[in-house]
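Spelled out from the first residue to the last, the chains are:
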Amino acid sequence: MAYNNLQDACLDLEKNQKLIQIDELLDPDQVIPEIHRRVYAVQGPALLFNNVKGSPFRAVSNLFGTFERSEFLFRHVMKKLEWLIKIKKDPISVFHHPLTTIQNLGYLVSALPKRNYSNQLNQKCHILELPQIKSWPDDGGAFITLPQVISFPPNSLDPKKANVGMYRIQLSGNDYINNEEIGLHYQLHRGIGNHHLQYLQSKEDFKISIAVGGPPAYTLASIFPLPENLSEILFSGILNGKRYSYYTQDGFLIPQDVDFCITGTVNLKNLKTEGPFGDHLGYYSLKHPFPYLENLKVYHKKNAIWPFTVVGRPPQEDSSFGFLIHQIVAELTTTEFPGIKEIHAVDQAGVHPLLLAIGSERYMPFRDRKPEEILTLANHLLGKGQTSLAKYLFIAADEKGTELSTKNIPAFFNYILERVDWSKDLHFFTNTTMDTLDYSGGSWNAGSKVVIACNRNKLRNLDSDLSCFHNLPESFHSVSLIQSGIVCIQGTSFLNYQQTILELKILTDYFERNACPGFPLIILCDNTKFITENYNNFIWSCFTKSNPAYDIYGANARYDYKHWACETNLIIDARTKPHHAPPLIVDPKITQKVDAIISNIPSLNKLFK
């Protein structure tokens, strides 16, 4: 069963007790987002807000709030997608199973885009009439968090050439003229960025459509890592099992099954400040100049529903997108990355800061084990697609007789730390680009990466006895165990790197005199109580707050030619640095408001009992 629209999906969820409606008048400025966060935290239902303050439109969130509900929304098309994935992995199977191929050809044909000759989105409104969802106290204004941003190369409205991406849109605030301008956050290396560069060399207006709502498949397709030659519009039809219907007007493509469509022209001569925005690493992305859209028109259907999500420290609802993508393309991992057995972009660290992988190691089988093929595989991972944004890549060789999995993070770290040789297995990429949303580097979009490659026999036993830390230097105290082999040490507040180099010299000298061989990994942090409160705190703090080339130290550190090496103990300085973006914290007044709201709405209150 294909969903015709977002209303169909909401009704289906409600019928199956996976959605609740909330009729009370509620404020979209932080209040509704905080309700969403709390319901997501207890893995509660989707939320349909029927009375949004300041807007005539309903709003829905948490559609993808659990993995189970996400699978439910796509239950009717998963089998078809499995067939498509198998065809991509093994094209010859088309001829081996002709009957299955014939049966599925109709499904593919029915997913082709279809042009309408009348506009079904025949209602109009202004930008500020849309639900003004502001998730965090220091956000620069209201944002669209689930947009489908549609762009084309110059002189084309061919759906096969479209790029559809989920680039955040700022609806209000900063210097944007109300109802006349909105902000576009995208980088020039993304699909829409290629179109931007083409329009800079063209005399054509750069026209963009921003669709919101429609079948859930449209949302997922806009973030799916597709090959360059496959349009997200075509994939939306495949994913939804129904033809993607569209209308063209004044040089814009207007999808017909969505709830809203904003059209406008990119100002190619000027930029405006966009942000701050509470982002998926758990910090604000700060103010930066970005393109903006002008000459706006807002179309919508009757009884339109505004879908949104709340972005913040992971896991959040957008974690389900990664889950769904993995479910669909898991079989392609070995095709896209030959030699890679398993890969895990760790959601608790914000996805890009931490990547775990297991790969084959077939080189020189008759000599001592060391990382060889997995270094080639690591370079492949860091040179392609979304995995290229990884900051820390831990890659282990597949070893017969072990049940190693990247999904069991403590066990994976345990395996690595028993075997890694810090004098040989660290490989840095310095002065390179990194995820734009990661502020651990010294400047925007700049930082470093490190590969920790492990293919060795067991070198050490990991310890949990903290007695070797009994007499630390004065500036370091409050030692706590994270897991066997990993401890955190609380240090003084970070001032600057010159001071830190002196402090860390004192600490590494200590470990050179007082060996702690059972603890190969030491985390320097601001607060040991916080970092050991739960494992997610450790993953988040350690890998979002450190820039490898600047923040990794070690006992007996040296350079072997150009290779940085150390012995026994590796130290990651995961303290907060002055240049870091601030973390996301809920306004206490909003907390009190939401406490009262939940206690007075029975359908919400029962979720927390």
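Since the structure is predicted, the reported quantities are computational estimates derived from the model, not experimental observations. (Residues numbered from 1 in each chain as written. Predicted model: local features only at pLDDT ≥ 70, side-chain atom pairs only at ≥ 80, totals over all residues. Heavy atoms only, no water.)

> Mind laying out the nonpolar core, listing which residues take part and the relevant values?
If you look at the biggest cluster of nonpolar residues, it comprises 47 residues, and the most contacted ones within it are Ile35, Ile210 and Trp306. Aside from chain neighbours lying at most four places away, what touches isoleucine 210 is Ile144, Pro147, Gln148, Val149, Ile169, Ile182, Leu184, Phe260, Cys261, Ile262 and Leu293. In terms of nonpolar packing, the next biggest core, distinct from the first, is built from 39 residues, Leu354, Leu404, Leu426 and Cys525 among them. (Core = buried A, V, L, I, M, F, W, Y, C linked by side-chain atoms within 4.5 Å. Buried < 20%, exposed > 50% of the residue type's maximum accessible area, 1.4 Å probe, protein only. Contact = heavy atoms within 4.5 Å.)

> Let's hear about the pattern of salt bridges: which residues, and what values?
Scanning all chains against the criterion turns up 26 salt bridges. Among the salt bridges present, the one from lysine 160 reaches aspartate 158, with a minimum N-O distance of 3.3 Å. What makes lysine 160 exposed here is its relative accessible area of 63%. For aspartate 158, a relative accessible area of 23% translates into the label partly exposed. With a closest N to O distance of 3.9 Å, aspartate 526 and lysine 545 form a salt bridge. Of the two residues, aspartate 526 sits in the loop between strand E28 (521-525) and helix H15 (528-531) while lysine 545 sits in the loop between helix H16 (535-544) and helix H17 (548-551), which places them 19 residues apart along the sequence. The exposure class assigned to aspartate 526 is partly exposed, which follows from its relative accessible area of 29%. What emerges from the salt-bridge pattern is a single network uniting Arg369, Glu399, Glu418, Arg419 and Lys458. (Salt bridge = Lys/Arg side-chain N within 4 Å of Asp/Glu carboxyl O. Helix = DSSP H or I, 4+ residues; strand = E, 2+ residues; numbered from the N terminus.)

> Account for the sheet that holds strand E22 (residues 354-359), with residues named and values stated.
Strand pairing in a sheet relies on backbone hydrogen bonds, with the paired strands running either antiparallel or parallel. Sheet architecture is open: 5 strands sit in the order E21-E22-E23-E25-E24, paired in mixed fashion. The sheet terminates laterally at strand E21 (340-345) and strand E24 (426-433), the two strands that pair on one side only. Within this sheet the neighbouring strands show an average axis-to-axis angle of 15°, counted without direction. As judged from the 6 bridges shared by E24 and strand E25 (residues 446-454), these two strands associate in the antiparallel manner. Residue phenylalanine 429 lies in a different strand from E25, and its bridge partner there is lysine 449. (Pairing = 2+ DSSP bridges. Axes fitted to C-alpha atoms, helices over the stretch in contact; angles between N-to-C directions.)

> Give a detailed account of the side chain of arginine 575, specifying residues and quantitative values.
Looking at the element boundaries, arginine 575 is found in the loop between strand E30 (563-573) and helix H18 (588-600). A polar contact is formed between the side chain of arginine 575 and the backbone oxygen of threonine 492, at a distance of 2.7 Å. Side chain to side chain, arginine 575 and glutamate 503 meet in a polar contact 3.4 Å long. (Polar contact = N/O pair within 3.5 Å; in protein donor to acceptor, adjacent residues only side chain to side chain.)

> Let's hear about the sheet that holds strand E4 (residues 114-115): which residues, and what values?
With mixed pairing, the 3 strands of this open sheet are ordered in space as E4-E12-E13. Two strands close off the open sheet at either side, each with one partner strand: E4 and strand E13 (252-255). The sheet contact formed by strand E12 (residues 245-249) and E13 spans 4 bridges and is antiparallel. Paired with glutamine 249 across the bridge in E13 is phenylalanine 252.

> Go over helix H7 (residues 191-200) with me, naming the residues and quoting the values.
Taken residue by residue, H7 has Ile192, Gly193, His195, His196 and Tyr199 as its buried positions. The arc enclosing the buried residues of H7, seen along the axis, measures out at 155°, which places them on a common side. Buried residues in H7 make contact with strand E7 (147-151), strand E8 (163-165), strand E11 (207-212) and strand E14 (260-266). (Arc of directions from axis to C-beta.)

> Outline the state of the cysteines, listing residues and values.
By definition, a disulfide links two cysteine residues through a covalent bond between their sulfur atoms. A complete count under the given rule lists 1 disulfide for this structure. Each disulfide pairs two cysteine sulfurs, and for cysteine 468 the partner residue is cysteine 516, the sulfurs being separated by 2.4 Å. Taking the torsion about the sulfur-sulfur bond, which here is approximately 130°, the covalent link between cysteine 468 and cysteine 516 counts as right-handed. Here the residue cysteine 468 occupies a position in the loop between E25 and strand E26 (477-483), and cysteine 516 occupies one in the loop between helix H14 (497-513) and E28, the gap between them amounting to 48 residues. Cysteine 516 sits in the buried class, given a relative accessible area of 1%. The cysteine cysteine 566 is free of any disulfide, with cysteine 516 supplying the nearest cysteine sulfur at 14 Å. Look at cysteine 566 and you get buried, because its relative accessible area is 1%. (Disulfide = S-S within 2.5 Å.)

> With reference to specific residues and values, describe H16.
Given 3.6 residues to a turn, an α-helix orients residues that are three or four positions apart in the same direction. When you tally the buried positions in H16, you get 8 out of 10 residues, the bulk of the element. Where H16 begins, the capping side chain belongs to asparagine 534, and its oxygen is found 3.2 Å from the backbone nitrogen of asparagine 536.

> Any chance you could break down the confidence of the model for the protein for me, citing the residues and the numbers?
For the protein, the average pLDDT comes to 91, and 91% of its residues sit at 70 or higher. Low pLDDT, under 50, characterises residues 87-107; the predicted model gives this stretch 19 contacts beyond four residues in sequence or across chains. (pLDDT = per-residue confidence, 0-100.)

> Describe the pairing of E30, naming the residues involved and giving the relevant values.
Counted residue by residue, E30 has 8 buried out of 11 residues, so it is predominantly covered. The sheet contact formed by E28 and E30 spans 4 bridges and is parallel. The partner of isoleucine 522 across the bridge, within E30, is isoleucine 571. Between strand E29 (residues 552-560) and E30, which pair antiparallel one after the other, the connecting turn spans 2 residues, and tyrosine 561 there sits at a positive phi close to 55°.

> Give a detailed account of the side chain of glutamate 373, specifying residues and quantitative values.
Looking at the element boundaries, glutamate 373 is found in helix H12 (residues 373-381). Judged by its relative accessible area of 4%, glutamate 373 falls in the buried class. Separated by 2.5 Å, the side chains of glutamate 373 and arginine 362 make a polar contact.

> Tell me about the packing of aromatic side chains, and please be specific about residues and values.
All chains considered together, the criterion is met by 26 aromatic pairs. Between tyrosine 392 and phenylalanine 543, the ring centres sit 5.0 Å apart and the planes meet at 75°, which makes this aromatic pair edge-to-face. Placement of the pair is tyrosine 392 in strand E23 (residues 392-397) and phenylalanine 543 in helix H16, with a sequence separation of 151 residues. The class of tyrosine 392 is buried, set by a relative accessible area of 1%. Take phenylalanine 543: its relative accessible area is 0%, and that puts it in the buried class. Ring centres 5.9 Å apart and planes at 75° place the aromatic pair phenylalanine 469 and phenylalanine 511 in the edge-to-face group. Here phenylalanine 469 is found in the loop between E25 and E26, whereas its partner phenylalanine 511 is found in helix H14, with 42 residues between them in sequence. Judged by its relative accessible area of 5%, phenylalanine 469 is buried. Looking at phenylalanine 511, the relative accessible area reads 3%, which means it is buried. (Phe/Tyr/Trp six-rings, centres within 6.5 Å; stacked < 30°, edge-to-face > 60°.)

> Could you give an account of the environment of threonine 532, with specific residues and numbers?
Looking at where threonine 532 falls in the secondary structure, it is placed in the loop between H15 and H16. Under the relative-accessibility criterion, threonine 532 is labelled partly exposed at 29%. C-alpha separation for the pair threonine 532 and glutamine 483, spaced 49 residues apart in sequence, amounts to 9.4 Å. Leave out the neighbours within four places in its chain, and threonine 532 touches Ser480, Leu481, Ile482 and Cys488.

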